[in-house]
Structures are given as C-alpha cells and as structure tokens.
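The lines below spell out each chain.
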Amino acid sequence: MGVITIPSEAALQQANVQFQLNINGQTRTLDLDPRTTLLDALREHLGLNGSKKGCDQGQCGACTVHVNGQRTLSCLSLAIAHQHDEIATIEGLAEGEELHPMQSAFMECDGFQCGYCTPGQIMSAIAMLEEAAQTIPSHATPVVSQPPSLDDLSLEEIRERMSGNICRCGAYPNIVEAIQYARRLRKGSR
Amino acid sequence: MHPFSYLEADSAEAAIRAAGLHAGAVFFAGGTTLIDLMKLDVMSPATLIDINRLPLCSIDADSSGVAIGANVRNSDLAHHRVIRERFPVLTEALLAGASAQLRNMASTAGNLMQRTRCAYFRDINAKCNKREPGSGCDAITGFNRMHALLGTSEHCVATHPSDMCVALIALDAVVHTLLPNGTSREIPLSEFYLLPGTTPDRETALEKGELITHVYVPDHPACRHSHYLKVRDRSSYEFALTSAAVALETEGRNIVEARVALGGIGTIPWRSPVAENVLRGQPAERKTFEAAAEAALAGAKPLKHNAFKVELAKRTLVLALTEIAWQQH
C-alpha cells in the first residue's frame, strides 16, 4: 500500500493565487490553487467544458486546446503558467451560428460516434492543417528536408500527424475524411 | 498532487538564485514529464520555478555548429531548416517521439531531463530504487519487456525513454549550464548521464540548482548523412522498443567516420564506440554493419521478458546503417 503523507501546515495554509487568462479573446480572472491544470480551470472554473478529460495524463488528446495558435494538451499544463498566452478552445471556434469549417466537415463526414474525443480532434486537426500549410515535416515524411505541401498531404501523413488524438470508438476513417474535406474548404475559401 | 509554490523567473540569474533559496525547488518548462509525475505523486517538488520567460529560445547556427536554447520546443527544433538539412538524425528522432501536441510543449532541456517510463517507477506502490533509494527493484523480477539491456545494475534496469537524446549523443552534443554560484560550464552529453550503479536516483551530472542554458551540436561532414530509425509496438506515438541514430561519412566504398547510438535498450542514451570502431576503415556493406551490431550488443544482459530486443536492436542498427549507406550512393 502507498504511504499517506499528511501535508505540512505550511502547505495547508497555502493560499489560492489570483491571476488572469486570455481565453477565446476574453480576459478571465481566476482565483485558484496553483496545482490547477489548464483543463480543470476551463472545465471546473470557467464553465468551458467543451475540452474533455480523457486520460488526464497526456496520452489521449481529448483535452487539446490552442496556446498561441499551437495545439497543446491542457491536462499537462498548469493554468497559472499561461498568464501571458492566448488560449483558444472549441467554444471559440464558431462565429454565432456559423460553425468553423472543420466543425462543419466533421458533421458532413460523420467524423465521430460518441463524440467525446471530437473537440480535441477538431482543435488538433485545425492546427495540423496550419502546420502542413507551413510545410512542416512529420514522421511520415520520407525526406525531412523535403516536406509535402498542404495539397500533397497523403492519408499516411494525416494519420501520423493526428496520432496524438485517440478515438476509442474507432471513427478514424471518417475523421481522416473530414480533415480532407476541411482542407478542400480551406482551399476554396482562398 | 502535493501543494507547491509557483515562482516565475524573468532571468537565468533569478532562476538559479531562486533555486538556491528554496529547498526542493525544480525548474519548470514544458511540464510534460513533471506535471504527469506530480499527478502520480512520483515527484513532489515544494517549489516550481517557471523558466518559460527566460530568453533561451533561439537556434543559432554557424558553419561550425548549432546552439540550441534550453527552451526551444521540440517541434520548433525538429522543423528548423538548419536541423532538417544539416542534422537530419535530430529532426527524425524528434518527429519519431511523442505526439504533435507534446512536441509543441516539450523543451530541449526538459527532454534531456525526462524521466524513465518504467511502470514501477511510475507506481508509488511498487519498489523502485530510482524513486525511493534502497527500496528495491520490482522491475528486475516483474514485467520487464520494455526494460534495458545495456548499462543496467542489480539496482535498476529502467530504460532512458528519449529519442532526441539518442540523436544528440551520436552528434557529440555538449550541454551548457549555469551554476548556482554564477559560473558556467560545459558537459559533453556523453558525460551528462550517469549509469544507475548503486545510485539509480542520481541520473545526471547536474548539481542542485544548475540550469541548462543551451545545447551545442558541433558540425561534422557525417552529420549530413545521418538517420534515426525507431522500432515500436505501434507505428506512431509510442516509446521505442529499439532505435538507432547513425551518421556515416564515406570515401568511395569505405567508411571514414561513423557515429552510432542506440535507444530503447540502455539505462542512458547509448553511444557505442565499439560499433564505431568496427565500422571505421571498412567497406560500407552488410557484413560490416552486422559486425558492428554484434559489437554494439556484445555486453547485453537480457532479463526475463526483453531478450527479443537483443536481436531486434542488432537488426535495427543494421537497417539504419544500410538505409544511410544507400542514401549516399
């Protein structure tokens, strides 16, 4: 059995810390224990429960949000460490009733079953296409000094680049299809 | 998770000063290992010194090599044009590790400092000399399929999990640090990691409060002809069963310089000078590569469940060398 450690008096007296986070373009003020992860801050303290807690140890990707435009795992992030960053969550994607093209693509291609991993999949997929547009290579790129363009992104490349997002229902074929669909929408909008 | 105090450092000097003032303080960058292990109560630092604001984010290259800031994210390092073109083994190793999300978070210094994935180290109910010195090792008699073959001791058989460090050790990387007394020093990566021996809890040559500022990778003609090959249970987002980082410089058919490092099988990122000695001066062909692989694994000490990795590691190295030799023709 594990040893139960009684927290020291100093630890028990530790006060919450007040700080601000920029989330979906809005400044939110929080008063939290420094241990609070970004995911728990979003879900339990800010009413933004679109980001999901799957494994809570950085292995499933359900908690994926954007920090300064980059896909990040909010379950392995401390909220207090993101006071200088711009955070974007699934709730910030739609403009009024108009869905983000990636959200529309997941609807159109039926890119989910139970839907629990979907917010993480969508946040990850949006950043993934952005990375590909910047011709960033992946493990599936045969010669890393010659990465593919967004148009040339193979199915193998998409699967590799999305490997940080697990879907227990196994909706992968339609998720890949949705991402290809969104890529076409993205090109069409240019 | 145990309570901790959170401090944000605005300079390297402030960070090492804070580390000197607070017992049980650790530096905090990407957090991908630290927060994970704090949730498991495997690590319970009293103070976190956030070093993300320190200006250690640049990649500075000249003709003699490249200096990589401690806070450079794994993704930014992997994607950097100089790294892709002049040190492909490093880009390939980074891209073979973790997921895109984790690579966006993980820092260069944090990757150097990441802890083993040994399931007994990660479970506070298990015996582990690395986590709790003197408690014993449940891995040696337990499920040890993922554990090390080289550099083990009767106190610890945990594998070093990094891909990046295997590439860096093959590239003769040097770790630059700032000590709490304000002086700086350089530690070759080959001397940075400590074998477990009788003190598996001591993993690196770093002193308490010593801060990694950057990693220097010297250039060499072999670096351009370098390659990382990783074998794992699934094709993405998984730790290595075996891996090989290789670099070859050839003249005609003959190898004039060789670098060999192995991952997934060592208690530390495993450079293999014996394999390199077998390769130098010999023709770049299968027979030579097989001899090098035999030499690299000669000292392997398999456990109950990981003996398959001896042959797998040899084949991984032979294939990595074959692929890089093929590229040069």
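Residues numbered from 1 in each chain as written. Chains lettered and ligands numbered in written order. Predicted model: local features only at pLDDT ≥ 70, side-chain atom pairs only at ≥ 80, totals over all residues.

**Quick look at the packing of helix H3 (residues 101–108) of chain A against helix H4 (residues 118–133) of chain A**
All names here are of chain A. Closest axis-to-axis distance for the H3/H4 pair is 10 Å, and the angle between their directions is 125°. Between H3 and H4, the interaxial angle falls into the category oblique. Pair H3 / H4 crosses with right-handed handedness. Between H3, through Met102, Gln103 and Phe106, and H4, the contact on the second element is made entirely by Thr118, Ile122, Ala125 and Ile126. Its residues assigned to classes, the contact of H3 with H4 shows five nonpolar, two polar and no charged. (Axes fitted to C-alpha atoms, helices over the stretch in contact; angles between N-to-C directions. Helix = DSSP H or I, 4+ residues; strand = E, 2+ residues; numbered from the N terminus. Parallel < 35°, antiparallel > 145°, perpendicular 65-115°, else oblique. Left-handed = near helix turned anticlockwise from the far one by under 90°. Contact = placed C-beta atoms within 7 Å. Nonpolar A, V, L, I, M, F, W, Y, C, P; charged D, E, K, R; others polar.)

**Description of the domain arrangement of chain B**
Domain boundaries in chain B define domain 1 (1–51) and domain 2 (221–327). With centres defined by C-alpha atoms, the gap from domain 1 of chain B to domain 2 of chain B works out at 36 Å. (Domains from an automatic or database assignment.)

**Considerations on the nonpolar core**
Nonpolar side chains tend to gather and get buried jointly when the protein is soluble and globular. Counting 150 residues, the largest nonpolar core has B:Ala167, B:Leu168, B:Ala170, B:Ala292 and B:Leu317 as its most contacted members. B:Ala170 has contacts with B:Val89, B:Ala245, B:Val246, B:Ala247, B:Arg259, B:Val260, B:Ala261 and B:Arg271, leaving out every residue within four places of it along the chain. (Core = buried A, V, L, I, M, F, W, Y, C linked by C-beta atoms within 7 Å. Buried ≥ 20, exposed ≤ 12 C-beta atoms within 10 Å, placed from the backbone.)

**Let's talk about H4(A)**
All names here are of chain A. End to end, H4 covers 22 Å across 16 residues, agreeing with the expected 22 Å (1.5 Å per residue, within 8%). Along H4, 13 of the 16 residues are buried, which leaves the element largely enclosed by surrounding structure. Threonine 135 sits one or two positions beyond H4 and adopts a positive phi of about 45°. (Expected span 1.5 Å × (residues − 1).)

**Notes on helix H13 (residues 308–327) of chain B**
Residues and elements named next belong to chain B. A rise of 1.5 Å per residue sets the reference length of H13, with its 20 residues, at 28 Å; its end C-alpha atoms lie 29 Å apart and thus fit the reference within 8%. Buried within H13 are the following residues: Lys309, Ala313, Lys314, Thr316, Leu317, Val318, Ala320, Leu321, Ile324 and Ala325. Buried residues along H13 sit in contact with strand E9 (226–231), strand E10 (242–251), strand E11 (254–263) and helix H12 (286–296).

**Some thoughts on the interface of chain A and chain B**
Each side of the interface is counted separately: chain A has 32 residues, and chain B has 30 residues. Of all elements in the fold, only strand E4 (70–73), H4 and helix H5 (155–161) of chain A reach the threshold of two or more residues within the side of chain A that touches chain B. Broken down by element, the residue count for the side of chain A that touches chain B peaks at four residues, all from E4(A). Looking at the side of chain A that touches chain B residue by residue, the class counts come to 13 nonpolar, 15 polar and four charged.

**With respect to the sheet that holds strand E3 (residues 47–50) of chain B**
Pairing between sheet strands relies on hydrogen bonds along the backbone, with the strands arranged either parallel or antiparallel. All names here are of chain B. Across the sheet, which stays open at both edges, the three strands sit in the order E1-E3-E2 with parallel pairing between neighbours. If you trace the sheet from one side to the other, it starts and ends with strand E1 (5–8) and strand E2 (25–28), each paired once. The mean angle between the axes of side-by-side strands here comes to 25°, regardless of whether they run parallel or antiparallel. Where E2 meets E3, four bridges bridge the pair, whose relative direction is parallel. Of the residues in E3, the one forming a bridge with phenylalanine 28 is aspartate 50. (Pairing = 2+ DSSP bridges.)

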